[in-house]
Amino acid sequence: MSDSKKVTSALISVFHKDGLGPIVKKLDELGVTIYSTGGTEKFITEMGINVIPVEEVTDYPSILGGRVKTLHPKVFGGILNRQENESDVKEMAEYNIPQLDIVIVDLYPFENTVASGAPEQDIIEKIDIGGISLIRAAAKNFKDTICVSSMEDYDAFLEILSANDGAISLADRKNFAAKAFNVSSHYDTAIFNYFNSDDKIPALKISEQKGKTLRYGENPHQRGFFFGDFEAIFDKLHGKELSYNNLLDVDAAVNLINEFTGEQPTFAILKHNNACGVAQRETVFQAYTDALAGDPVSAFGGVLISNTEIDETTANEIHKLFCEVVIAPSFSEKATEILKGKKNRILLVQKDIKMPQTSVRTCLNGTLVQDKDNITDSLDILSDATNNKPTDNQLEDLMFASKICKHTKSNTIVLTKGKQLCASGTGQTSRVDALTQAIHKAKSFNFDLDGAVMASDAFFPFPDCVEIADNAGIKAVIQPGGSIKDQLSIDYCNEHNLAMVFTGIRHFKH
């Protein structure tokens, strides 16, 4: 190809040397002159391959404890010169600057050092200066130089070298330049976010190195992508590729079930990001059965999640239902075998890892960022708003309902009884509509609401909701409180022997 260039020289200076050996051997076979520094130079020498120390080119030693090794005009001139520019060619000869066709450089492990909890001085020393400069220079001059900036690209680079006898096309050089700028921009983002951990500088920098193209977005006519390390959260045991909508439902499912970590077996079924069935029981089988009873219609094609291992008995019952995804911290061997009976059913083992603490979404021509709603309502934050106090059983149900309510689309009302979701009103424009929807749905599935409890994601500005709830048989209410007309609802509850508690915490979810 006319735009291919035969490589004759290479600068290699890497922190990670795994996988480097085959490249060095291939370069030696091709007669490529190799320049190197420090530990990499020693590594190549021990392979029995000739290597020229960079110090012989610069006539300057590595100084300041290794902080300055390659920052020299003879190094950067060899990388940045334009081989078709007469003036550049003349200066290269005048100053005896060697041509560098290949730059193989990686960066100090800054992110890993931060994650390890190392002291700040160790972290600062892992901010790469020479490496990042070499990467940017080689990538900028991709017309004449190829930059290999990550060990993840070693195999691809070796394949190119081997296939074309050391001749590298312009398209390959430009592709590797893009990879290099991806590496450098991600590195700088990590450093900035470390220094701006207190958010004093109002700037948003997000960088995800891992990503995949989805079949499509929310609808078939939309493109879709997922950026993130899915494998860090789940082990996928079986099934088709997850879709955009699958991922949204999985996210909602994980956030909900995490509220029940360490509790009795709890099972949830979600559809369109909202729970349509949730139950907590002594066994996972009974939890699933009662969760399904909450809305067996909506459960069709849903996402199922458990806070404990799914056993054979439960798997046999789940297998009767068409569902997209089943998630659990583990599956028994028999359960796995049974659930794999549907080739497209996705089985995910959820790992115990810390989830991101911020949420991000596009808005207008910008981005909205907020802290995650990490407050889970608990008994110690409750205040009794009414003369009638909830019983211990009612308090358990109120806490159960509150957790579900927090993860349901606003405006929402959630009705539960005996640690089972009876129904919820989701995404309604008025709280009365949400309650009416919930009551209608509960009755359509033959739930007896006498003695049930109600949770609301926000306060009641009028007493209409507690009155409707009372007429439906509901006996206890949990809500944030905070309306200037709270007393109207309190008075109604007192007059009709309803118990109501305030949390002081609103849980809108839009």
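Let me begin by describing the structure that accompanies this report. Quick caveat: nothing in here was measured; it's all calculated off a predicted structure.

1. What about the sheet that holds strand β22 (residues 476-479)?
What the six strands build is an open sheet, ordered β18-β23-β22-β21-β19-β20; its pairing is mixed. In the strand order of this sheet, the two ends are held by β18 (383-384) and β20 (421-425), each with one partner. Across four bridges, strand β19 (residues 413-416) lies against strand β21 (residues 453-456) in antiparallel orientation. Residue valine 414 lies in a different strand from β21, and its bridge partner there is alanine 455. Of the strands in this sheet, β19, β20, β21, β22 and β23 (499-502) touch helix α15 (residues 392-406), which is tilted by about 35° from β21. On the sheet, helix α16 (residues 431-444) packs against β19, β20 and β21 and is oriented at approximately 145° with respect to β20.

2. Brief notes about the pattern of salt bridges
This model, assessed by the stated rule, comprises 19 salt bridges. Between lysine 179 and aspartate 153 there is a salt bridge, with the nearest N and O atoms lying 3.4 Å from each other. On the criterion of sequence distance, the pair formed by lysine 179 in helix α10 (residues 170-195) and aspartate 153 in the loop between β6 (146-148) and α9 (154-163) is long-range, its members being 26 residues apart. Overall, the relative accessible area of 30% leaves lysine 179 in the partly exposed class. Given the relative accessible area of 10%, aspartate 153 is considered buried. Between glutamate 317 and lysine 320 there is a salt bridge; the shortest N-O distance is 3.2 Å. Accessibility expressed as a relative area gives 25% for glutamate 317, which makes it partly exposed.

3. Things to note about unusual backbone geometry
Following serine 410, the chain continues to asparagine 411 via a peptide bond in cis, the omega torsion being -15°. By secondary structure assignment, the location of asparagine 411 is in the loop between α15 and β19. Despite not being glycine, asparagine 497 has its phi angle at roughly 60°, a positive value.

4. Quick notes on the layout of surface pockets
The calculated volume of the second largest pocket comes to roughly 480 Å³. Around the second largest pocket sit 27 residues that line it, and Gly66, Lys69, Tyr108, Asp128 and Gly131 are the ones nearest its centre.

Each value, and the rule that gives it
- Residues numbered from 1 in each chain as written.
- Predicted model: local features only at pLDDT ≥ 70, side-chain atom pairs only at ≥ 80, totals over all residues.
- Heavy atoms only, no water.
- Pairing = 2+ DSSP bridges.
- Helix = DSSP H or I, 4+ residues; strand = E, 2+ residues; numbered from the N terminus.
- Contact = heavy atoms within 4.5 Å.
- Axes fitted to C-alpha atoms, helices over the stretch in contact; angles between N-to-C directions.
- Salt bridge = Lys/Arg side-chain N within 4 Å of Asp/Glu carboxyl O.
- Buried < 20%, exposed > 50% of the residue type's maximum accessible area, 1.4 Å probe, protein only.
- 1 Å grid on protein atoms, 1.4 Å probe; cavity = no way out; pocket = protein on both sides within 12 Å on 5 of 7 lines; lining within 4 Å.
- Points joined across faces, edges and corners; volume = space filled by probe spheres on them.

Remember that the coordinates give geometry; whether it matters functionally is a separate question.
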